[in-house]
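The lines below spell out each chain.
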Amino acid sequence: MKVSEMVRAMGFHPVDWGNLAASRDIEDVPLRLMPSWKRPVAVVFGIFVFLWILAFFSFQICRNIQSGQWDENWKRIPLTNFNRVIAITALWTLAFCYIPGLIAAYIQLWRGTKYSRFPKWLDDWLKMRKQLGLIMLGLAGIHACISVAYITPQTTGWVYEEPTRFQAEVVVDANTTTTNTLTIYNNEFNWRGEFFLSMGAIATCLLVVLGISSLPSVTATLSWREFTFIQSKLGWVALITAACHDVFLAWHYMFLYWGCFRTLPIGPQYALYPPFIAVIMKLPLLLPPVDNYLQKIRRGYERGSQSESKKGNPL
Amino acid sequence: MKVSEMVRAMGFHPVDWGNLAASRDIEDVPLRLMPSWKRPVAVVFGIFVFLWILAFFSFQICRNIQSGQWDENWKRIPLTNFNRVIAITALWTLAFCYIPGLIAAYIQLWRGTKYSRFPKWLDDWLKMRKQLGLIMLGLAGIHACISVAYITPQTTGWVYEEPTRFQAEVVVDANTTTTNTLTIYNNEFNWRGEFFLSMGAIATCLLVVLGISSLPSVTATLSWREFTFIQSKLGWVALITAACHDVFLAWHYMFLYWGCFRTLPIGPQYALYPPFIAVIMKLPLLLPPVDNYLQKIRRGYERGSQSESKKGNPL
Amino acid sequence: MKVSEMVRAMGFHPVDWGNLAASRDIEDVPLRLMPSWKRPVAVVFGIFVFLWILAFFSFQICRNIQSGQWDENWKRIPLTNFNRVIAITALWTLAFCYIPGLIAAYIQLWRGTKYSRFPKWLDDWLKMRKQLGLIMLGLAGIHACISVAYITPQTTGWVYEEPTRFQAEVVVDANTTTTNTLTIYNNEFNWRGEFFLSMGAIATCLLVVLGISSLPSVTATLSWREFTFIQSKLGWVALITAACHDVFLAWHYMFLYWGCFRTLPIGPQYALYPPFIAVIMKLPLLLPPVDNYLQKIRRGYERGSQSESKKGNPL
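Residues numbered from 1 in each chain as written. Chains lettered and ligands numbered in written order. Predicted model: local features only at pLDDT ≥ 70, side-chain atom pairs only at ≥ 80, totals over all residues. Heavy atoms only, no water.

Caption draft 1: How the structure looks around the interface of chain B and chain A. If you look at the interface, chain B gives 39 residues, while chain A gives 37 residues. When residues of chain B are sorted by the area they lose upon contact with chain A, M34(B), K75(B) and Q154(B) head the list and together hold 18% of the total. Where chain B packs against chain A, one counts 3 salt bridges. Between E161(A) and K75(B) there is a salt bridge, and its shortest N-O distance comes to 2.6 Å. One can count 13 residue pairs in polar contact (both at pLDDT 80 or more) joining chain B with chain A. Elements represented by at least two residues in the side of chain B that touches chain A include exactly α4 (77-111), α5 (120-150), β1 (164-171), β2 (177-184) and α7 (216-221) of chain B. A per-element tally of the side of chain B that touches chain A places α5(B) first, with 7 residues. Classifying every residue of the side of chain B that touches chain A by side-chain character gives 25 nonpolar, 10 polar and 4 charged. As judged from the 2 bridges shared by strand β1 (residues 164-171) of chain A and β1(B), these two strands associate in the antiparallel manner. Paired with F166(A) across the strands is V170(B), a residue of β1(B). (Contact = heavy atoms within 4.5 Å. Buried area = accessible area lost by both parts, 1.4 Å probe. Salt bridge = Lys/Arg side-chain N within 4 Å of Asp/Glu carboxyl O. Polar contact = N/O pair within 3.5 Å; in protein donor to acceptor, adjacent residues only side chain to side chain. Helix = DSSP H or I, 4+ residues; strand = E, 2+ residues; numbered from the N terminus. Nonpolar A, V, L, I, M, F, W, Y, C, P; charged D, E, K, R; others polar. Pairing = 2+ DSSP bridges.)

In structure tokens, the structure reads:
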């Protein structure tokens, strides 16, 4: 305490981090390497590896078993596969930012109080959301960069108008030509492509706004309600926009088309599983009676408690 | 005051927000939802709706009256229309960030003093500039994302070299072909396209720098003159670069071509109206005598006042 | 001192900037225009001008001497030349962020101590790294924006699959056709293009992360080791990724192809010179004995000194 006083007298702000026994931990502080990032990075990396193997199986293994040639799609691993996998990883990760809050809401509704601790795994998950969101933003950014350069009617035919085929004398070498059918692609988006690209750009922009609001100096200028509004409302809009971006890409292939001997779901299908779970879990919470009851619990109400008013808390 | 002292003794910084009567307002603070953003969002949304209706009239209504088929361009609403409209909204909004400062300068020149209050609408407008600029940045970002994926010689022919047309036996179905003229587009930009894309990329980058300088922690590290330099000088360069980006897109169509039965201006034309007004208003202020006089007023000089020196203020 | 006390009593933080003689400098502070940016901007501008002249000589002068027509490539100056030049400027500048630290390490190894001052030019260079890095990020951003819109198999053939050539009756005007060989480009990337684009997107994303970690409020939340990890480890990964992006673009042209009468290196070749120097200088420092010795010096060890322990410093 004397030290604190002396420090304050010298015009600094003393910060008391505990007694002498804690000194070993405190000395390690400047050497700690982002302890809050280790687990989220591991989780996203796990999702990425899982989806990468799935994509590898669909596009390389399965396709080559079908053709029997074993020469297809190998060169597509560094970009095409990678881009699809990070896109799906990003969408899953974004959904995984909202699912723990939904589980927490159901636990609070079930227990009828906010004054009981969540299970440790849920607590850890809730604390991981900011990091998950920022990693997701990085993946979404890489996906956007690659995609705007990659997208052409030849490589992403689903979202463009029909190409034209014609017969031509193809030049094989200086003296030889051979009659062949060639394709001229149509660079106009079809109506699904128009929605697909708009949704993608809007989702990217919303995610960047979410990311900016996570910068310490920006967060500091936001009121509690403003931060919640951005992270929750805008975040949900971003999740749904990104999911629609995926839906407009696949559209009727979403139901008619299956990959790998028509057994496995295709990428745009399984990309939607976690966002779909999040939306399904969210919908009941939007019903006014459920919502009101949850707000009441979060204001401090306890079901079956006689002493509510005492524990009441304006927020 | 006693509370303040006690708080300070505890090592915190007391902040006095007024007496007991203000408590109701203060309690609302954490629940306020970005009060400074409501009006700018409404203004930009108004501009967007106005321009959206204009674009809808030009591309859908008017085009279909001309053709009489009522089947054209409907599918283009979600992307092509949207992209044009946000591009023009962004350029207008950027100009509207600079016009109020120009009006203020003329008022100061007219009144010969800086010690009189601006009319309330101008004051509100001046306070809105930061928000207008940031919304503009979001729109410009979406426009950039969409455009780099959208731009092809087929969809934006004005900025590319001439395509080649040839006669071909187009394949209709397995057994039928029909002779038709097909087009192979040339993916090389013409000289206007080269300027068009460079200007667009530079303007985007400058706007991002302007946005970064608005982050609280960055603003805090900038001196008054540095902040003014970035927001004013770089901002004007961004406005002019973005306007040139638009000029190089349309170029000779800027004067020769009119939309909708040759009566209405086309998008790249009316996009330039507010930037043009801003530039026209700015030019006289750049004349050295006018500029010097304005600087003098802003340093505290008052026309017709005998007590200038007393009110003199170094900035 | 009395002033300080009074200020503190009023609840503010006094900051003592020196005695009365310093007042003239202090009054200039709000008018200083980014003094730490002047030199880095000048350096990068110098590199840009040098590379611009080189590119102008290669693509315009030299090409037109060869053809003798003096009509080639002039229209490519605003975009194609500009884009290549800023890409190479960015890569050089990024390498120049890491080379001074390497020189400093060799000086420390040579002198066997960290307690001697670096030569002034090196000191200035070390202090310039942050600004160099941020300017580099701006250039890389413009390069990315332009490139994703510019890249097509016609304009960047090296990274795409082979096009198809065919003979066609080209329409010259309404009544005339002429037999000609036309090209249909293939929009699929070859394996080098897949790596090229992935590497580019990943490098961009890493550089943005580096830029974000330089924001004052973000830097403030990072421990010393975290900041070093991001700026050093991630920065090196970004440098190597960006260099690979360049290598995959040129690939076998990297060695077989020379510009300008087969005398001058081509852009993707000289782009690699500074990153190559940086890597060559870095490699010996990664050898465990050298690394350990350098760490020891940086912890305060002095070669040939008897009083090491006294000057020992935990970091």
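Caption draft 2: Seen up close, the interface of chain A and chain C. On the side of chain C, 36 residues touch chain A, which itself brings 38 residues to the contact. Around 3100 Å² of area is buried between chain A and chain C when both sides are counted, 67% of it from carbon and sulfur atoms. For the interface between chain A and chain C, the tally reads 3 salt bridges. The salt bridge involving R76(A) is made with E188(C); its shortest N-O contact spans 2.8 Å.

Caption draft 3: View of the relation of the copies chain A and chain C. For the pair chain A and chain C, the superposition axis carries a translation of 0.0 Å, the fit reaches an RMSD of 0.0 Å, and the rotation angle comes to 120°. The superposition of one copy onto the other is thereby described by a three-fold rotation axis. Measuring from the rotation axis to each C-alpha of chain A, the shortest distance belongs to S217(A), at 3.2 Å. The share of interface residues of chain A whose copies in chain C are also at the interface is only 16%, consistent with the copies meeting through different surfaces. (Least-squares fit on C-alpha atoms with pLDDT ≥ 70 in both.)

Caption draft 4: Examining the packing of aromatic side chains more closely. This structure, assessed with the given rule, holds 57 aromatic pairs over all chains. Aromatic side chains W191(C) and F248(C) sit 6.3 Å apart centroid to centroid with 80° between the ring planes, which places their arrangement in the edge-to-face category. Residue W191(C) is located in helix α6 (residues 191-213), and its partner F248(C) is located in helix α8 (residues 224-250); the two are separated by 57 residues in the primary sequence. With a centroid separation of 5.2 Å and an interplanar angle of 85°, the aromatic rings of W191(C) and W251(C) are classed as edge-to-face. Placement of W191(C) in helix α6 and of W251(C) in the loop between α8 and α9 (253-256) is noted, with a sequence separation of 60 residues between them. Using a relative accessible area of 32% as the deciding quantity, one classes W251(C) as partly exposed. Taken together, the ring pairs in this structure connect F50(A), W92(A), F96(A), W121(A) and W125(A) into an aromatic cluster. Over the ring of Y301(A) we find K296(A), and its NZ or CZ is 4.4 Å from the ring centre. (Phe/Tyr/Trp six-rings, centres within 6.5 Å; stacked < 30°, edge-to-face > 60°. Buried < 20%, exposed > 50% of the residue type's maximum accessible area, 1.4 Å probe, protein only. Lys NZ or Arg CZ within 6 Å of the ring centre and 35° of its normal.)

Caption draft 5: The packing of helix α7 (residues 191-213) of chain A against α5(B), seen in detail. At a minimum axis separation of 9 Å, α7(A) and α5(B) run at an interaxial angle of 140°. By the angle between their axes, α7(A) is oblique relative to α5(B). Of the two elements, α7(A) crosses α5(B), and the hand of that crossing is right-handed. Residue-level contacts link L197(A), S198(A), A201(A), I202(A) and C205(A) of α7(A) to G138(B), I142(B), C145(B), I146(B), A149(B) and Y150(B) of α5(B). (Axes fitted to C-alpha atoms, helices over the stretch in contact; angles between N-to-C directions. Parallel < 35°, antiparallel > 145°, perpendicular 65-115°, else oblique. Left-handed = near helix turned anticlockwise from the far one by under 90°.)

Caption draft 6: The pairing of β1(B), seen in detail. Residue and element names in this part refer to chain B. With 8 bridges connecting them, β1 and β2 associate as antiparallel partners. In the strand pairing of β2, V170 is matched with T178. Two successive antiparallel strands, β1 and β2, enclose a turn made up of 5 residues.

Caption draft 7: Highlighting the relation of the copies chain B and chain A. For these two chains of identical sequence, chain B goes onto chain A by a turn of 120° and a shift of 0.0 Å along the axis, with RMSD 0.0 Å. When the interface residues of chain B are mapped onto chain A, a mere 15% of them are again interface residues, pointing to distinct binding faces.

Caption draft 8: Quick peek at the UniProt feature "transmembrane region" (unreviewed entry) in chain A. Residue and element names in this part refer to chain A. UniProt's entry tags residues 41-61, 85-110, 131-151, 195-222, 234-258 and 270-290 with the feature "transmembrane region" (unreviewed entry), counted in the numbering of this structure. Annotated as 95% helix and 0% strand, the span residues 131-151 places its first and last C-alpha atoms 30 Å apart. Across residues 195-222 one finds 89% helix and 0% strand; the C-alpha atoms that close the span lie 32 Å apart. (UniProt positions renumbered as here; feature names shortened; annotations may be inferred.)

Caption draft 9: Representation of the pattern of salt bridges within the structure. Per the stated rule, a full pass over the model turns up 18 salt bridges over all chains. Here K120(C) ties to D124(C) by a salt bridge, and the two come within 2.7 Å at their closest N and O atoms. You can see K120(C) and its partner D124(C) sitting in helix α5 (residues 120-150), 4 residues apart, about one turn around the helix. On the basis of relative accessible area, K120(C) is assigned to the exposed category, the value being 59%. Through salt bridges with shared partners, a single ionic network connects K75(A), R76(A), E161(C) and E188(C).

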